[in-house]
Amino acid sequence: HPTTNPTPRGARGRALYNPRGGDYRVQFPGPTGAAAAGAALKRARRATGRPKVVSFSGASQGRPAGALAVTGNRTRRGPGLSTDVVFVPYEDSPYGEFDSTGFLERLANDQGSGSELPAAVIVESVQIQAGVYPASNEWLQRLRKWTTEHGVLLICDEIQAGCGRTGDFFGFERSGVVPDLITCAKSIGGFGLPMAIVLIRAGLDVWQPGDHIGTFRGNQLAFLTARIALGYWRDESFLKLLATNCTAMERAVAGFAEIPGVASARCRGMIAGIDFGRGNVALAKDAQQLVLRAGVLVDRCGPNGEIIKLMPPVNTPTDQLEQGLQAFGESVAAALSQ
């Protein structure tokens, strides 16, 4: 088919397309993560013949209508979106923990629930825009078990958490689950170039010719940079640097959690969220401004922007990373002491 290719051979291909023994084909749906999400959802509905999809509160899949329909932030949503989406609370969030897999089991078993089985569940292994909430291995395993038992496809959205951001190539890898579809974008281009892919498990690649095409699916330069970047995953010095950086991040973030006035701090590999407490947006903004003046680039996330998000490049030299983390901690402490 014009949109899919057999799994490539070689170490580079195995590192990306066959996590945990999966057997995938690759589709280039377009240059954006939203295009990847839309293609995966369309593929799941076509494969199962069912229209509904389960997404999670706090999810962020993009701005076009298909991806926005499964995005949980109501400030970004609007009229005209698909109603074939059921939102379930994520495992953890600014509003506390929730037994979402138990809730899904109740929906499936209760004849009076008013909800039919969905085509797929789409989930982020780390909900970054919601405030950096990593899914536990046990939760992902229960979710995979539920989808398998009920014939529901599991889509793992690795657009932000993938490509090494969590220390593994994919954020879900450490849980041992094997998704049916995986979406990747952003860092997959290797050099900040627009590129997105969908990995489709064998047996689900039932696209017909012309089913899913687009003008800007191919970006030759991004294909080249992605191929080069993927080669680093067999470079021992890069893998050692990444592991060292993840350790440095986790150690520093544990220290940030002890700063008086910080509500909590969460970290998974090279992504961290410093939480100033629900509703404390002004405090987070003040801290962010001091951090920026110290020369450290940071963004904010969370329901209203009360969480500072740290996402340094995964290949940052460790000494520079530690300097930036130290400057960040000092700036946050100074902001809170005021």
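Preceding this section is the structure that the text describes.
This section reports on the structure supplied with the text. (Residues numbered from 1 in each chain as written. Predicted model: local features only at pLDDT ≥ 70, side-chain atom pairs only at ≥ 80, totals over all residues. Heavy atoms only, no water.)

## With respect to the environment of Ile274
Considering the arrangement of structural elements, one finds Ile274 in strand S12 (residues 271-275). A residue is classified by how much of its surface remains accessible, and Ile274, at 0% relative accessible area, is buried. In this structure, the C-alpha to C-alpha distance between Ile274 and Val262, residues 12 residues apart in sequence, is 7.2 Å. Ile274 has contacts with Val253, Phe256, Val262, Ser264, Ala265, Glu306, Ile307, Ile308, Leu310 and Phe328, leaving out every residue within four places of it along the chain. (Helix = DSSP H or I, 4+ residues; strand = E, 2+ residues; numbered from the N terminus. Buried < 20%, exposed > 50% of the residue type's maximum accessible area, 1.4 Å probe, protein only. Contact = heavy atoms within 4.5 Å.)

## Thoughts on unusual backbone geometry
For Val132, which is not a glycine, the phi torsion comes out positive at approximately 65°. Residue position: Val132 is located in the loop between strand S6 (126-127) and strand S7 (133-134). Taking the relative accessible area as the measure of exposure, Val132 reaches 0% and is therefore buried. Phi is positive for Lys186, close to 50°, though the residue is something other than glycine. Relative to the helices and strands, Lys186 is located in the loop between strand S9 (181-184) and strand S10 (196-201).

## Concerning the environment of Ile197
By secondary structure assignment, the location of Ile197 is in strand S10. It is 6.4 Å that separates the C-alpha atoms of Ile197 and Ala185, two residues lying 12 residues apart in sequence.

## Thoughts on the sheet that holds strand S11 (residues 264-268)
Pairing in this open sheet of four strands is antiparallel, and the strands run S11-S12-S14-S13 from one edge to the other. Both edges of this open sheet fall to S11 and strand S13 (299-301), since each of them pairs with a single strand only. Across the sheet, the mean angle from the axis of one strand to that of its neighbour is 25°, orientation sign disregarded. Pairing geometry for S11 and S12, over five bridges, is antiparallel. Its bridge partner lying in S12, Arg266 is registered against Gly273. Of the strands in this sheet, S13 and strand S14 (307-310) are in contact with helix H8 (residues 281-293), which crosses S13 at around 165°. (Pairing = 2+ DSSP bridges. Axes fitted to C-alpha atoms, helices over the stretch in contact; angles between N-to-C directions.)

## Regarding the pairing of S10
The buried fraction of S10 is high, at five of six residues. Where strand S2 (residues 24-30) and S10 come together, five bridges link them in antiparallel fashion. If you follow Gly30 over to S10, its bridge partner there is Ala196. Where S9 meets S10, four bridges bridge the pair, whose relative direction is antiparallel. In the strand pairing of S10, Leu181 is matched with Ile200.

## Topic: the packing of aromatic side chains
Within this structure, the stated rule accounts for 11 aromatic pairs. Their ring planes at 15° and their centres at 5.2 Å tell us that Phe170 and Phe172 sit as a pair that is stacked. Of the two residues, Phe170 and Phe172, neither departs from the other in class, the shared state being buried. In textbook terms, an aromatic cluster arises when at least three aromatic residues are bridged by ring pairs, as seen for Phe169, Phe170, Phe172, Tyr232, Trp233 and Phe238. Its end group placed over the ring of Tyr133, Arg266 keeps NZ or CZ at 3.9 Å from the ring centre. (Phe/Tyr/Trp six-rings, centres within 6.5 Å; stacked < 30°, edge-to-face > 60°. Lys NZ or Arg CZ within 6 Å of the ring centre and 35° of its normal.)

## Describing helix H4 (residues 100-109)
One turn of the α-helix equals 3.6 residues, which is why residues spaced by three or four share an orientation. Taken together, the buried positions of H4 are Ser100, Thr101, Leu104 and Leu107. When H4 is viewed along its axis, its buried side chains cluster within an angular range of 115° and face the same direction. Turning to H4, the residues buried within the fold contact strand S3 (53-56), strand S4 (85-88) and helix H5 (137-149). (Arc of directions from axis to C-beta.)

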